[in-house]
Amino acid sequence: MRASRRVLVSGGAGFIGSHLCELLLAEGHEVLCVDNYFTGWRRNIEHLVNKPRFELMRHDVTFPLYVEVDDIFNLACPASPIHYQHDPVQTLKTSVHGAINMLGLAKRTRAKIFQASTSEVYGDPTVHPQPESYWGHVNPLGIRACYDEGKRAAETLFFDYHRQHKVRIKVARIFNTYGPRMHPNDGRVVSNFIVQALTNTDISIYGDGNQTRSFCYVTDLLDGFMKLMATGDDFIGPVNLGNPVEFTIRQLAELVIELTDSKSKLISLPLPADDPRQRQPDITLARSALQWEPKVALRDGLKETIDYFRKLLAS
Ligand code: NAD
Ligand code: UDP
């Protein structure tokens with residue numbers, strides 16, 4: 001991106017959003033962080049609030065917003081199953097009304113707009129690994145639908161605003177991402193396992209633990225965001241951003257126990273409905289169009305994340 005742009009980050013007080021705000025400031029941009037603190041934490045951006053080019057606004061993206069910006073990153077949406085299922089109607093509103101409001105803002109200001117979409121648009125995939133051309137296998141009525149279908153509708157809105165109003169869009173489909181500043185109680189597998197291991201409590205494996213995920217470290221993901229945002233107007237995505245190295249959930253648990261030197265035991269709990277059996281991004285497009293691929297191995301990223309949670313739990 002050009003130096004010194006005015007960049008809006010919706011969901012900027014969340015896990016990924018806070019790292020993005022930090023990176024944009026470091027690159028010399030002005031950052032307007034917009035968040036309603038549903039799953040975000042003021043603590044995540046506390047170190048930024050006194051910086052002269054940083055502005056923080058409590059705002060819910062389901063309501064219109066009138067500001068002047070050059071670029072928008074639309075990240076506002078709860079991302080962990082327990083949080084997005086807590087108030088499913090609000091989750092859908094956040095994805096759909098939030099996209100309409102952010103796209104309307106982009107249309108008026110002629111800003112370039114990035115959408116944080118998700119591998120959940122592929123649902124419980126029947127194609128493996130998942131390329132962008134795969135239309136997905138989503139249960140539209142299930143407990144994950146408020147998130148999956150909300151994000152799918154948001155993608156539709158992005159493409160329609162692009163075709164109908166010439167809005168400059170960039171759509172990334174993010175696969176499971178982890179790192180410092182994940183919420184300790186958000187119920188996602190990496191944060192759950194680390195907190196359980198550090199407190200020597202049982203590690204909660206849902207189902208048989210043979211389901212797979214591919215885990216991307218947050219700095220790798222942000223490198224992908226920046227490369228995507230820097231592409232010319234003819235490249236709009238969607239593009240998968242994720243780490244293609246696939247692990248079973250049981251392997252993840254064993255690695256976390258090893259790295260924390262924990263006494264925790266693995267226990268089996270019921271598998272939630274519609275939990276995808278396998279997930280791995282096909283990143284051929286990201287490699288060719290963005291010259292991007294992840295660099296941080298799971299073991300190394302987990303060490304940083306464990307360090308973060310160790311300090312958090314101590315405080
Ligand atoms: P997060 O829950 O930490 O961050 C989401 C942020 O959005 C929070 O700060 C929350 O308070 C805010 N928010 C929620 N509803 C809002 C609303 N109506 N108005 C304003 N702010 C609102 O989650 P994250 O992991 O940082 O995810 C960020 C984005 O990336 C989300 O859109 C998520 O769907 C997407 N994503 C994340 C992952 C992942 O593995 N972390 C994977 C795929 C997609
Ligand atoms: N999972 C688990 N134990 C936990 C939390 C999650 O076994 O304490 C499993 C979950 O059932 C899923 C995988 O880990 O198969 C990833 O779950 P997460 O909620 O992190 O992300 P998503 O399912 O959205 O990919």
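Just so it is clear, the structure is predicted and the values come from calculations on it, not from any experiment.

Cut-offs used in this document
- Residues numbered from 1 in each chain as written.
- Chains lettered and ligands numbered in written order.
- Predicted model: local features only at pLDDT ≥ 70, side-chain atom pairs only at ≥ 80, totals over all residues.
- Heavy atoms only, no water.
- Helix = DSSP H or I, 4+ residues; strand = E, 2+ residues; numbered from the N terminus.
- Expected span 1.5 Å × (residues − 1).
- Buried < 20%, exposed > 50% of the residue type's maximum accessible area, 1.4 Å probe, protein only.
- Near = heavy atom within 4 Å.
- Polar contact = N/O pair within 3.5 Å; in protein donor to acceptor, adjacent residues only side chain to side chain.
- Areas by Shrake-Rupley, 256 points an atom, 1.4 Å probe, with all protein chains shown as cover.
- Nonpolar A, V, L, I, M, F, W, Y, C, P; charged D, E, K, R; others polar.
- Pairing = 2+ DSSP bridges.
- Right-handed = clockwise from strand over helix to strand, strands pointing away.
- Contact = heavy atoms within 4.5 Å.
- Axes fitted to C-alpha atoms, helices over the stretch in contact; angles between N-to-C directions.
- Phe/Tyr/Trp six-rings, centres within 6.5 Å; stacked < 30°, edge-to-face > 60°.

Asks: Help me understand helix 7 (residues 218-229), please; the structure alone is not making it clear to me.
Replies: For the α-helix, the turn length of 3.6 residues means that residues three or four positions removed from each other point alike. Between its terminal C-alpha atoms helix 7 stretches 16 Å, which fits the 16 Å expected from twelve residues at 1.5 Å a residue. A large share of helix 7 lies buried, amounting to nine of its twelve residues.

Asks: How do you make sense of the site of ligand 2 when you look at a structure like this?
Replies: Taken together, 18 residues lie around ligand 2, and Val189, Ser204, Arg213, Asp275 and Arg279 are the ones closest in. Side-chain polar atom of Arg279 to an oxygen atom of ligand 2: 2.7 Å apart, as the coordinates give it. Compared with its free state, where it exposes 510 Å², ligand 2 has 95% of that area covered by protein. Looking at the shell around ligand 2, the elements with two or more residues in it are helix 6 (189-198) and strand 8 (203-206). Partitioning the shell around ligand 2 into residue classes produces seven nonpolar, five polar and six charged.

Asks: It is not clear to me how the site of ligand 1 should be interpreted in this structure. Could you clarify?
Replies: Taken together, 30 residues form the shell around ligand 1, and within it Asp35, Thr39, Leu75, Tyr147 and Thr177 come nearest. Contacts to ligand 1 include Cys77, whose backbone N or O atom sits 3.3 Å from an oxygen atom. Contacts to ligand 1 include Thr94, whose side-chain N or O atom sits 3.2 Å from a nitrogen atom. In isolation ligand 1 has 820 Å² of accessible area, and contact with the protein removes 96% of it. If you list the elements that add at least two residues to the shell around ligand 1, you get helix 1 (15-26), helix 4 (88-109), strand 5 (112-118) and helix 5 (145-165). Take the shell around ligand 1: its biggest share by element is three residues, from strand 5. For the shell around ligand 1, the per-class residue count stands at 14 nonpolar, twelve polar and four charged.

Asks: Help me understand the pairing of strand 2 (residues 30-35) in this model?
Replies: Remark: a regular strand shows side chains that alternate across the two faces of the sheet. Counting buried positions along strand 2 gives five out of six residues, so the element sits mostly inside the fold. Where strand 1 (residues 6-10) lies against strand 2, five bridges are found, and the strand directions are parallel. Along strand 2, the bridge assignment pairs Leu8 with Leu32. Handedness of the β-α-β unit built from strand 1, helix 1 and strand 2 comes out right-handed. The pairing of strand 2 with strand 3 (residues 54-58) spans five bridges and is classified as parallel. Counterpart to Asp35 in the pairing with strand 3 is Arg58.

Asks: Just to check I follow, could you spell out helix 6 for this structure?
Replies: Judged by how many residues are buried, helix 6 sits mostly within the fold: eight of ten residues are covered. Along helix 6, the positions that sit buried rather than exposed are Val190, Ser191, Asn192, Phe193, Ile194, Val195, Gln196 and Ala197. Two residues or fewer after helix 6 comes Asn200, characterised by a positive phi angle close to 55 degrees.

Asks: For this particular structure, what's the right way to read the side chain of Glu120?
Replies: Structurally, the position occupied by Glu120 is in the loop between strand 5 and helix 5. Looking at Glu120, the relative accessible area reads 4%, which means it is buried. Within the local environment of Glu120, its side chain forms a polar contact with the side chain of Arg279, the two groups lying 2.4 Å apart. Each residue touching Glu120, except ones within four places of it in the same chain, is listed here: Tyr84, Val138, Arg144, Tyr147, Asp148, Pro276 and Arg279.

Asks: Before we go on, may I ask you to explain the sheet that holds strand 3 in this structure?
Replies: Two strands in a sheet stick together by hydrogen bonds in their backbones, pointing the same way (parallel) or opposite ways (antiparallel). The strand order across the open sheet built from seven strands is 3-2-1-4-5-6-11, with neighbouring strands paired in parallel fashion. Looking at the sheet topology across the chains shown, the edges are occupied by strand 3 and strand 11 (239-241). Neighbouring strand axes in the sheet, compared pairwise and without regard to direction, differ in orientation by 20 degrees on average. Packing of helix 4 onto the sheet brings it into contact with strand 1, strand 4 (71-74), strand 5 and strand 6 (169-174), and relative to strand 4 it is tilted by some 170 degrees. Along the sheet, helix 5 contacts strand 5 and strand 6; its crossing angle with strand 5, the most-contacted strand, is approximately 155 degrees.

Asks: Explain the packing of aromatic side chains to me, please; I cannot follow it from the model alone.
Replies: How two aromatic rings sit relative to each other is given by the distance of their centres and the angle of their planes. Applying the stated rule across the entire model yields eight aromatic pairs. An angle of 40 degrees between the planes, with centres 6.1 Å apart, marks the rings of Tyr122 and Phe175 as tilted. Here Tyr122, found in the loop between strand 5 and helix 5, pairs with Phe175, found in the loop between strand 6 and strand 7 (177-178); they are 53 residues apart in sequence, far enough to count as distant. Its relative accessible area of 1% is what places Phe175 among the buried residues.

Asks: Where do I start with the environment of Ile143 in this structure?
Replies: By the secondary structure assignment, Ile143 is in the loop between strand 5 and helix 5. Those residues in contact with Ile143 that sit more than four places away from it in its chain are Tyr84, Gln85, Ala273 and Asp274.

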